Amino acid sequence: MHERRIPEWVRHAPAPSVRDFGILAGFEAIVRGILISVFPLAMYRALGDASSVSFLYFLVGIVSLIAGLMVPFLVRFVPRRWSYTAGCLMFVGGALLAIEGSPAAVVGSLALNTVATVVTFVCFNAYVLDYISKIELGRCETSRMFYSALGWTAGPMAGVLLMEVWAPAPFVISAVAALAMLALFWRMRLGNGKLISKARGPAKNPLAFLPRFFSQPRLVAGYLFAMIRSCGWWIYVVYLPIFAIQNGLGEQLGGILLSGTNAMLFAAPLILRWVQGRSLRTAVRVGFAVSGTCFVAAGAISAWPVASVVALVLGSVWLIVLDICAGLPFLMAVKPSERTEMSAIYSSYRDVSGILTPGAASLILLVTPVAGVFAAGGAALFGAWAVAARLHPRLGRPRVLLQPGAPAEPV
C-alpha cells in the first residue's frame, strides 16, 4: 500500500551515466584549477623563501603519496561514500585555512588540499570502474576531460587575477565549488559502490597489494604511462616559465600558455574520434612519440628561445591526447575485486612524478641549463613509447563476434 506512493526514482536510483561522472569531474576541476596558480604565490608570501616553499612541497608530496596508498585501509573502516565526502570537506577546510593567512595555516591548507585530491581521485576511479563498462571507459575519460576544460582553462588565470583584487576570493570560490561537488555526489546516489563478492576476511594493508600490482605487466605499464605523462606536465608547468624568464620572454608567458593549452580540453570529443579510429596501442604510441620528439627538439634548439617554446607547446598538445587515452590501459586491466586498492596505487602517479621530476631536474641543472630538462623529459616520453609497444594491438576495441547476434565484448 505505502510502497506505491514512493516515487520510482527513490525506490530504484537510476544508474549514473558517463555525463554524470563528467560533470562531477568538472566541479573538481573548478575546485583545484582556480588554486593551482594561487598556492605557490600564497606559500611564497607566507614563508618568504623559495627554498622553504620547495622543501614543503616535497614533504606534502610524500604525505599525499602515503595518504593515497592508505585509502583502501581507510575504506575498511569508513564506507566509500563517506570517504569521498571527507575528501570534499577537506577541500573546504583547506580553503578556510588559507583565508586565515598565517604560514602554518597556508601549509596546512596545501596539505589538506593535496590529500583531498588523492582521496577523491581514488574513490572517483573506483566508482567509474563500478558503473561504467570497459567499452565505455574511453567515452567516460573524454567526458571527464571535456567537462573539466573550463575549470582548468579559466581557473589558473582567474585565480591569480582575483587574488590581486581580494586575496580570499579564489579560496572562497574553491570552497563553494567543493560543496557543489559534494551535493552532486550525493544526488548521484553512488553509495559504497557495487559489491563484487562477499568478503572472506578483513581488508589487507594496502601495501600488501603492491606484489599483486607488480605481478601484472599491464598494470605496471599503465602506471608508467600515467607517471611519465605527468612528468611531462611538470616540466611544462614549472620549467617552461623559468626558461621564458631567463630568455627575456616575460614572466606571464608560462601562465598564458598553460591556459591556452588547457583550452584543448574542449576538443576532447574530436580527440576521442581520432583515438577510436585506430587501436589504443597506436594512439598511445603516437602520442608519446610526437610529444617526446617535441620535447627533445625544444632542448636541441634552445638557442632560439621562441622556437623552443613553440616546440614545447606542440608537445603539450599531445600530452592532452595522452591525458585522454594513456590512462585506459590501466583501467581496462584492473580486476573487479581489486578496484579500490589498485585505484589507490594508480593515484600515486601524481605524487611520484611530483617527487621524481624536481629531484631529477635538480641533478640535471648541475651540469646543463634548463633546456637539458626538456631533453630529459623527451627521453622519458620515448621510454613510454617503447613500453607501449607491448600493449595488445586490439586493446580497447570490440572483439570479433563469434556467433551471429552475439554481443561484442571489449578486449
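Attention here is on the structure that accompanies the text. (Residues numbered from 1 in each chain as written. Predicted model: local features only at pLDDT ≥ 70, side-chain atom pairs only at ≥ 80, totals over all residues. Heavy atoms only, no water.)

### Points about a nonpolar patch on the surface
Here's step 1: There is a patch of nonpolar side chains on the surface, built from Leu 96, Ile 99, Val 165, Trp 166, Val 172 and Val 176 and spanning about 590 Å² of accessible area.
Here's step 2: Counting residues per element, the ones that place at least two in the nonpolar patch are helix H5 (80–100) and helix H8 (169–188).
Here's step 3: Assignment of secondary structure puts Ile 99 in helix H5.
Here's step 4: For Ile 99, a relative accessible area of 35% translates into the label partly exposed. (Patch = residues over 30% accessible without salt bridge, like charges linked within 9 Å, V, L, I, M, F, W, Y side chains within 5 Å. Areas by Shrake-Rupley, 256 points an atom, 1.4 Å probe, with all protein chains shown as cover. Salt bridge = Lys/Arg side-chain N within 4 Å of Asp/Glu carboxyl O. Helix = DSSP H or I, 4+ residues; strand = E, 2+ residues; numbered from the N terminus. Buried < 20%, exposed > 50% of the residue type's maximum accessible area, 1.4 Å probe, protein only.)

### Here we look at the pattern of salt bridges
Here's step 1: Tallying each qualifying case throughout the model produces 3 salt bridges.
Here's step 2: Here Arg 80 and Asp 130 are joined by a salt bridge, their closest N and O atoms 2.7 Å apart. In this pair, Arg 80 is assigned in helix H5 and Asp 130 in helix H6 (residues 103–131), connecting sequence segments 50 residues apart. Accessibility assignment for this pair places Arg 80 and Asp 130 in one class, buried.

### Describing the packing of aromatic side chains
Here's step 1: For the structure on display, the rule yields 11 aromatic pairs.
Here's step 2: Between the aromatic rings of Phe 121 and Tyr 349, the centroid separation amounts to 6.2 Å while the plane-to-plane angle is 70°, which identifies the pairing as edge-to-face. In this pair, Phe 121 sits in helix H6 while Tyr 349 sits in helix H17 (residues 349–364), placing the two residues 228 residues apart along the sequence.
Here's step 3: Classification of Phe 121 as buried rests on a relative accessible area of 8%.
Here's step 4: On the basis of relative accessible area, Tyr 349 is assigned to the buried category, the value being 8%.
Here's step 5: Here a set of aromatic residues connected by ring pairs shows up, and it is made of Trp 82, Tyr 84, Tyr 127, Phe 185 and Trp 186.
Here's step 6: We note Arg 80 situated over the ring of Tyr 127; from NZ or CZ to the ring centre the distance is 4.7 Å. (Phe/Tyr/Trp six-rings, centres within 6.5 Å; stacked < 30°, edge-to-face > 60°. Lys NZ or Arg CZ within 6 Å of the ring centre and 35° of its normal.)

### Considering the nonpolar core
Soluble, globular proteins show a tendency: their nonpolar side chains are buried together.
Here's step 1: Grouped together as the largest cluster of nonpolar side chains are 104 residues, with contacts concentrated most on Phe 21, Phe 225, Phe 288 and Phe 374.
Here's step 2: The dominant element in this core, judged by the number of residues it contributes, is helix H10 (residues 217–246), at 13 residues.
Here's step 3: When neighbours within four sequence positions are excluded, Phe 225 is seen to be in contact with Val 284, Phe 288, Ala 326, Pro 329, Ala 384, Val 387, Ala 388 and Leu 391.
Here's step 4: Among the nonpolar cores identified, the runner-up in size contains 7 residues, and Ala 67, Val 118, Val 122 and Ala 344 belong to it. (Core = buried A, V, L, I, M, F, W, Y, C linked by side-chain atoms within 4.5 Å. Contact = heavy atoms within 4.5 Å.)

### Some words on the side chain of Thr 117
Here's step 1: Its location among the elements puts Thr 117 in helix H6.
Here's step 2: Look at Thr 117 and you get buried, because its relative accessible area is 8%.
Here's step 3: Excluding residues that lie within four positions of it along the chain, Thr 117 makes contacts with Glu 28, Arg 32 and Phe 91.

### Observations concerning H5
Here's step 1: Taking 1.5 Å as the rise per residue, H5 with 21 residues should run 30 Å; its terminal C-alpha atoms sit 31 Å apart, in good agreement.
Here's step 2: Residue Gly 101 follows H5 closely and has a positive phi angle near 95°. (Expected span 1.5 Å × (residues − 1).)

### Brief notes about H6
An α-helical turn contains 3.6 residues, so any two residues separated by three or four positions project in the same direction.
Here's step 1: Compared with an ideal rise of 1.5 Å per residue, which puts 29 residues at 42 Å, H6 spans 42 Å between its outermost C-alpha atoms and is within 8% of the ideal.
Here's step 2: Counted residue by residue, H6 has 22 buried out of 29 residues, so it is predominantly covered.

### Focus: the packing of helix H2 (residues 18–33) against H8
Here's step 1: Contact pair H2 / H8: the axes reach a minimum separation of 8 Å and the direction vectors enclose 160°. As far as their axial angle goes, H8 and H2 are roughly antiparallel. In this structure, H2 meets H8 at a crossing whose hand is left-handed. On H8, the residues that touch Asp 20, Phe 21, Ile 23, Leu 24, Phe 27, Glu 28, Ile 30 and Val 31 of H2 are Ser 174, Ala 177, Ala 178, Ala 180, Met 181, Leu 184, Phe 185 and Met 188.
Here's step 2: Looking at the contact of H2 with H8 residue by residue, the classes come out as 13 nonpolar, 1 polar and 2 charged. (Axes fitted to C-alpha atoms, helices over the stretch in contact; angles between N-to-C directions. Parallel < 35°, antiparallel > 145°, perpendicular 65-115°, else oblique. Left-handed = near helix turned anticlockwise from the far one by under 90°. Nonpolar A, V, L, I, M, F, W, Y, C, P; charged D, E, K, R; others polar.)

### A closer look at the environment of Ser 64
Here's step 1: Tracing the backbone through its elements, the reader meets Ser 64 in helix H4 (residues 50–77).
Here's step 2: Put simply, Ser 64 and Thr 117 are 53 residues apart on the chain and 8.7 Å apart in space, counted from C-alpha to C-alpha.
Here's step 3: Contact partners of Ser 64, with chain neighbours within four places excluded, come to Thr 114, Val 118 and Asp 351.

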